[in-house]
Amino acid sequence: MDYSHMCPKYEAAIEILGKKWTGLIIRVLLHGPKRFKEIKEQIPQMSDKMLSDRMKELELSGILERRVYPETPVRIEYVLTTKGRDLEPIIEAIQAWADHWMN
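Everything quoted here is computed from the prediction, not taken from an experiment. (Residues numbered from 1 in each chain as written. Predicted model: local features only at pLDDT ≥ 70, side-chain atom pairs only at ≥ 80, totals over all residues. Heavy atoms only, no water.)

Chemist: Give me the environment of Leu24: which residues, what numbers.
Modeler: On the secondary structure map, Leu24 appears in helix 2 (residues 22-29). The partly exposed category is assigned to Leu24, whose relative accessible area is 40%. Residues Leu24 and Ile39, 15 residues apart in the sequence, show an inter-C-alpha distance of 9.4 Å. (Helix = DSSP H or I, 4+ residues; strand = E, 2+ residues; numbered from the N terminus. Buried < 20%, exposed > 50% of the residue type's maximum accessible area, 1.4 Å probe, protein only.)

The structure is reproduced here in structure tokens:
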């Protein structure tokens, strides 16, 4: 690989994945569809507004899908797309690195 020049695709990927909370949201959703409240329970230190903002960004990026079920009350779930699920080995690699290097 030639690392002497920045690849625009890599730069775009880091722009999305490098944002605070994004990796945690993706990790939560790797375990299957979740409602907003369920994601919030697993990442309690994140504000509702920040979670909402990140979810919108990930949806616009095609990493997750927002599913609305017309029930009473309306049920909304978030699920990773194929593009989002393809991040699993990356999330696992970060976990392995963290297990080895982080105290």
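Chemist: Describe the pattern of salt bridges, listing the residues and the values that go with them.
Modeler: Scanning the entire structure with this criterion turns up six salt bridges. Across the pair Arg75 and Glu71 runs a salt bridge, and its minimum N-O distance is 3.0 Å. The class for Arg75 is partly exposed, based on a relative accessible area of 22%. Note on Glu71: relative accessible area 38%, which makes it partly exposed. One network of salt bridges, with partners in common, ties together Lys19, Arg54 and Glu57. (Salt bridge = Lys/Arg side-chain N within 4 Å of Asp/Glu carboxyl O.)

Chemist: I'd like to hear about the nonpolar core, residue by residue, with values.
Modeler: Ile25, Ile26, Leu29, Ile39, Ile43, Met55 and Leu64 are the most contacted members of the largest nonpolar core, which totals 17 residues. When contributions to this core are tallied by element, the ones reaching two or more residues are helix 2, helix 4 (48-60) and strand 2 (75-80). The biggest single contributor to this core is helix 2, with four residues. Setting aside chain neighbours within four positions, we find Leu29 in contact with Lys34, Ile39, Leu64, Tyr78 and Leu80. (Core = buried A, V, L, I, M, F, W, Y, C linked by side-chain atoms within 4.5 Å. Contact = heavy atoms within 4.5 Å.)

Taken by themselves, the reported measurements are silent on function.
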